[in-house]
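For reference, the chains in residue letters:
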Amino acid sequence: MKLNKIAKLIGVKELNLPDVDINWLLTDSRSLSFPAESLFFAIHTTRNNGHKYVEELYQQNLRYFVVSEILPEFDKLTEAVFLQVNDTLVALQILAAAHRSEFNIPVIGITGSNGKTVVKEWLYQLLHVDYNITRSPRSYNSQIGVPLSVWAMSENTQLGIFEAGISQMHEMEHLQPIIQPTIGIFTNLGEAHQENFNGLKQKCEEKLKLFINAQTLVYCSDNKLVEISIAQSGFKGRFFSWGKSDKATVQILKVEKTVSNTTVTFRFSGTESTIVIPFTDDASIENSLQCVAVMLHLGIGTDEISKRILLLEAVAMRLEVKEGVRDCLIINDSYNSDLNSLSIALDFLNQQATAKNLSKTLILSDILQTGLSSDELYKIVADLVANKSVKRIIGIGPEISNHAGKFKLAEEVFFKDTEDFLKSTLIREFQNEIILLKGSRTFHFEDISEKLELITHETILEVNLNALVDNLNYFRSKLRPKTKMMCMVKAFAYGSGSVEVARTLQHHRCDYLAVAVADEGAELRCEGIRIPIVVMNPEKGSFGMIFDNKLEPEIYSFRLLEAFISAAEKLGITDYPIHVKIDSGMHRLGFEPHDMESLLTKLKGQNQVKVRSVFSHLSGSDDAKFDAFTRQQMSIFTACADQFSATFSHYIMRHILNSAGIERFPEYQFDMVRLGIGHYGISSLPEANLKQVCALKTVILQIKNVKAGETVGYSRKGIVATDKRIAIIPIGYADGFDRKLGNGVGEVLINGQRAKVIGNVCMDLIMIDVTGVEANEGDQVEIFGDHLTISEVAGWLKTIPYEVLTSVSRRVKRVYFQE
């Protein structure tokens, strides 16, 4: 849509707007991919203010903004176009509603207390063979998520499927004009988000406002409150009910469960039919029958419905399972905190406990979103916990503590808040049990999770963030002002700790981050990293994580490309940013020059992905003897990249330089460069004055006097020829201290003096010869740092600094500081 049209729709009387097409609406600054085609809505919420990210987005070449205030710092954004409105969220919703009105197609709107996302995803699985479907990504059902979902409708859309969620009165009246459903689905009515309603009926009536102008309403008639509310809602379309009553449009006659599936017999239009659902839990059966009713309404035959239903795939749960201290297993479920989700989580707890043969513990906070009185709520909770055979409950919060007497378990303890619990000795007493963390987000159960996973260690890796920034600016000084920088934080940021490093780089205006695998990117997103993140080695099993966390994959083969396109298509995703890798001579990953024609044809013939950049990897840019080959790589890459530019009309970035390339071949910086080992003080130029960022340090645990003729360590390799003074320090090969450094090869630094390793390196300890060295128990030991460099350690090992850095294990605590 043209920017000037958008301005008119949202009530902005702005003259002389640039003639640009806006294809992307942006509310989350982390998801910027195509700045020239994006419009950012600076939304002010209770938790954040989008206006504070305007300047940051401007630095990333975004120029179009919808704002409700003009901040003083905006004056220097001379190329920015500001559309000022009273309320940016309202403007977003008005724009989305106008966009929806341009389509005369069937649209399914889904609301209810639970099951919205599952029903939506299953309808896509069942109907995508019949329709080109646009649907809500994941759980985009909020006041912001719904307009963003509907904006994705295009001229190719034949069916829309959108979910709408509310948590208080008068919210649905904003979502109804945006979705404008022709077919409505009311999934069910439960306790979730009840606290802002006077009762279930009021909440039901508010949700039903979504369907006021719908042609058909699908619902289960077994819930009499829902049935009465629908009858009183003024709905004028066709009722398409399903349930046990013979008055239902689809009458359920029989439900029979086996170990792995459920057989349902129903009557529709006077004919009995049977389907097999590949699930046995009540929620999945209910969600499946909602889908069956929709398909019957759409005229799909019962035989075809039976075939498709049998192929339904489960939608991923949000429960996180992690290994804990002292042989514990941690289930972290802080997504929501209502009775239904507690019941589901307890079922999962039972499943995992049975598989692992562990004792069951529940750590539960106050439940905030039910609408029930405290007495009613905690009586239900106590009965539910007892019925699920939980051995121990730890209640956290004033309300649950006030109702401690309602719980009748073998072990019970209550705390007024999370801080009190963390101060107790109990946090250190968990052993051989499975622990379900079920807490409302305001109770910060992530602090509990951290403690249960925490492993203490006297060996630390100090990370100097000032040095990191100084090195970043050294490389930045070699670039043109508009050249972007991608910073590599893969492999736990080369061992230094990806989260803190990423935060620092983001603060200092890094344009992109790059990780090796999706897990690394997801961790950064969870920690609030907003800038684009590229996944260099995406695996098929991680595609869902990539989509969920708005990560951008490297695509290096036809097999990977086809798999990713297929995954995007299943999720209804279009124009997802990817980065295409060219093999220009390193012969590792990447498309080869002879692949270009087929690759470009494949990319041109789909709309699931959109090329954000094309790049390659240099194999010898740090060594002058390979300079001719490096230039050959540049030539091959340029020829391939030119073909991309000739094929597509949108801007596609190019990048090939790594750290050494930035220093030695700045003329090939193209649109972006990738900075890796250079962050940490390693340069290809001897005259470069880079700073050491990381220092690995430990302490002396014990000092022993060993007589001549004795030996030290395993296999008696440390032979003592004369009387010696031996220090034992808590670092070993499990921490990243290589075994090849044993027996006099490696050295450490104590009080400015060097001491050699004696004997074999153990898993957790090494012994060093401190004869003649001023050393005492408790003294600090430098393994590498400002005085004993990483490069020197790498030289002893006949390897590269990369390996030394990335070998420092995660059990070594990272300590970050700024001078």
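Relevant structure appears above.
Sequence order as written defines residue numbering, which begins from 1 separately in each chain. At least 70 in pLDDT is required for a residue's local features to be given in this predicted model, at least 80 for side-chain atom pairs to be given and counted, and no such filter applies to totals for whole chains, interfaces and linings, which use all residues. Side-chain numbers here rest on the full set of heavy atoms in the structure, without hydrogens or water.

Engineer: Explanation requested: the state of the cysteines in the structure shown.
Structural biologist: Note: disulfide means a covalent bond formed between the sulfur atoms of two cysteine side chains. When the sulfur atoms of two cysteines come within 2.5 Å, that pair is taken as a disulfide. Under the definition given, this model contains 0 disulfides. Considering cysteine sulfurs only, Cys220 is the nearest to Cys291, which forms no disulfide, with 13 Å between them. Remark: exposure states derive from per-residue accessible area (1.4 Å probe, protein chains only) relative to the maximum for the residue type, with buried under 20%, exposed over 50%, and partly exposed in between. By relative accessible area, Cys291 is classed as buried at 0%. Here Cys694 is not cross-linked by a disulfide; its sulfur's nearest cysteine counterpart is in Cys487, at 15 Å.

Engineer: Whenever I open this one, the packing of helix α16 (residues 465–476) against helix α18 (residues 498–507) confuses me. Can you help?
Structural biologist: Two quantities define a packed helix pair, namely the angle between the axes and the distance from one axis to the other. Orientation is described by lines fitted to C-alpha atoms, with helices fitted over the stretch in contact, and by angles between N-to-C directions that extend from 0 to 180 degrees. Helix and strand labels come from DSSP, where a helix needs a run of H or I of at least four residues and a strand needs a run of E of at least two; each type is numbered from the N terminus. Contact geometry for α16 and α18: axes closest at 11 Å, N-to-C directions at 50 degrees. Classified by the angle their axes make, α16 and α18 are oblique. Relative to α18, α16 is oriented so that their crossing is right-handed. Together, Leu465, Leu468, Val469 and Leu472 of α16 and Val501, Thr504 and Leu505 of α18 make up the contact between the two elements. Lys, Arg, Asp and Glu make up the charged group, whereas Ala, Val, Leu, Ile, Met, Phe, Trp, Tyr, Cys and Pro make up the nonpolar group; the residues left over, Gly among them, are polar. Across the contact of α16 with α18, the residue classes break down as 6 nonpolar, 1 polar and no charged. Any angle that is under 35 degrees is reported as roughly parallel, and any over 145 degrees as roughly antiparallel; angles of 65 to 115 degrees are reported as roughly perpendicular and all others as oblique. Crossing chirality is assigned from the near helix's rotation relative to the far helix, an anticlockwise turn below a right angle marking it left-handed and a clockwise turn marking it right-handed. The contact definition used throughout considers only heavy atoms, calling two residues in contact when any of these lie within 4.5 Å.

Engineer: For this particular structure, what's the right way to read the sheet that holds strand β34 (residues 747–750)?
Structural biologist: Note on sheets: strands pair through backbone hydrogen bonds, and any given pair is parallel or antiparallel. As summarised here, the arrangement of the 9 strands in space is β30-β33-β36-β35-β34-β37-β29-β20-β38, forming an open sheet in which the pairing is mixed. Looking at the sheet topology across the chains shown, the edges are occupied by β30 (702–706) and β38 (813–817). The sheet shows a mean angle of 35 degrees between the axes of neighbouring strands, taken without regard to direction. Whether two strands pair comes down to DSSP finding at least two bridges between them. Relative to β38, strand β20 (residues 460–464) is paired through 5 bridges, and the arrangement is parallel.

Engineer: Even after reading the chapter, I still don't get the sheet that holds strand β1 (residues 24–26), so can you show me in this structure?
Structural biologist: Within the open sheet, the 4 strands sit side by side as β1-β2-β3-β4. Their pairing is parallel. One side of each edge strand has no neighbouring strand; the edge strands of this open sheet are β1 and β4 (81–84). Ignoring which end each strand starts from, the neighbouring axes of this sheet average 25 degrees apart. Inspection of the sheet shows strand β3 (residues 64–67) paired to β4 by 4 bridges, in the parallel sense. Bridging from a neighbouring strand, Phe65 pairs with Phe82 of β4. Here helix α3 (residues 88–100) sits on the sheet in contact with β1, β2 (38–41) and β3, set at roughly 135 degrees to β2.

Engineer: Where do I start with empty space enclosed by the protein in this structure?
Structural biologist: Left-over empty space is what a probe sized like a water molecule reveals as it rolls over the atoms. Only protein atoms enter the 1 Å grid used here, on which a cavity is any set of points holding a 1.4 Å probe that cannot leave and a pocket is any open set flanked by protein within 12 Å on both sides along at least five of seven lines; residues with an atom within 4 Å of a point are listed as lining. Grid points are joined across faces, edges and corners, and a volume is the space filled by probe spheres set on the points. Throughout the structure, instances matching the rule amount to 2 cavities of 30 Å³ or more. A volume near 40 Å³ is recorded for the second largest cavity. Lining the second largest cavity, in full, are Lys581, Ile582, Asp583, Ser584, Met586, Arg588, Leu589, Ser616 and His617. Classifying every residue of the lining of the second largest cavity gives 3 nonpolar, 3 polar and 3 charged.

Engineer: What exactly am I supposed to notice about helix α6 (residues 172–179) here?
Structural biologist: Since the α-helix packs 3.6 residues into each turn, any two residues three or four apart lie on the same face. All of the buried residues in α6 are Met172, Leu175, Gln176, Ile178 and Ile179. Viewed end-on, α6 has its buried residues packed into an arc of 165 degrees, placing them on one side of the element. Where α6 is buried, its residues touch α3, β5 (107–111), α5 (145–151), β7 (159–163) and α7 (200–208). Once α6 finishes, Gln180 follows within two positions and takes phi at roughly 45 degrees, a positive value. Picture the helix axis, draw a direction to every C-beta atom, and the arc is the one those directions span.

Engineer: Which parts of the structure should I look at to understand the pattern of salt bridges?
Structural biologist: A pair can form between side chains of opposite charge whenever their charged atoms are brought close. One speaks of a salt bridge when a side-chain nitrogen belonging to Lys or Arg is within 4 Å of a carboxyl oxygen belonging to Asp or Glu. For the coordinates displayed, the defined rule picks out 35 salt bridges. Close ionic contact of Glu272 with Arg267 constitutes a salt bridge, the shortest N to O distance being 3.2 Å. The salt bridge involving Arg811 is made with Asp735; its shortest N-O contact spans 2.6 Å. Of this pair, Arg811 sits in the loop between α26 (801–806) and β38 while Asp735 is found in the loop between β33 (724–729) and β34, placing the two residues 76 residues apart along the sequence. By relative accessible area, which is 27% here, Arg811 ends up partly exposed. By sharing partners, the salt bridges in this structure join Lys120, Glu121, Arg135 and Glu163 into a single network.

Engineer: Is there a simple way to explain the side chain of Ser659 in this structure?
Structural biologist: Counting through the fold element by element, Ser659 comes out in helix α24 (residues 659–664). Counting of polar contacts relies on pairs of N or O atoms within 3.5 Å, with two restrictions inside protein: one atom must be capable of donating a hydrogen and the other of accepting it, and residues adjacent in sequence are counted only when both atoms are side-chain atoms. One polar contact links the side chain of Ser659 to the main-chain amide nitrogen of Gly678, over a distance of 3.1 Å. When near neighbours in sequence (up to four residues on either side) are disregarded, Ser659 contacts Phe475, Arg674, Leu675, Gly676, Ile677 and Gly678.

Engineer: I would appreciate a short explanation of unusual backbone geometry in the present structure.
Structural biologist: In terms of backbone geometry, most residues other than glycine have negative phi values and most peptide bonds are trans. Its identity as a non-glycine residue notwithstanding, Asn432 has a phi of 50 degrees, on the positive side. Mapping Asn432 onto the fold places it in the loop between α14 (418–423) and β19 (433–438). Residue classification places Asn432 among the partly exposed positions, given a relative accessible area of 43%. The backbone of Phe670 shows a phi angle near 50 degrees, a positive value even though the residue is not glycine.

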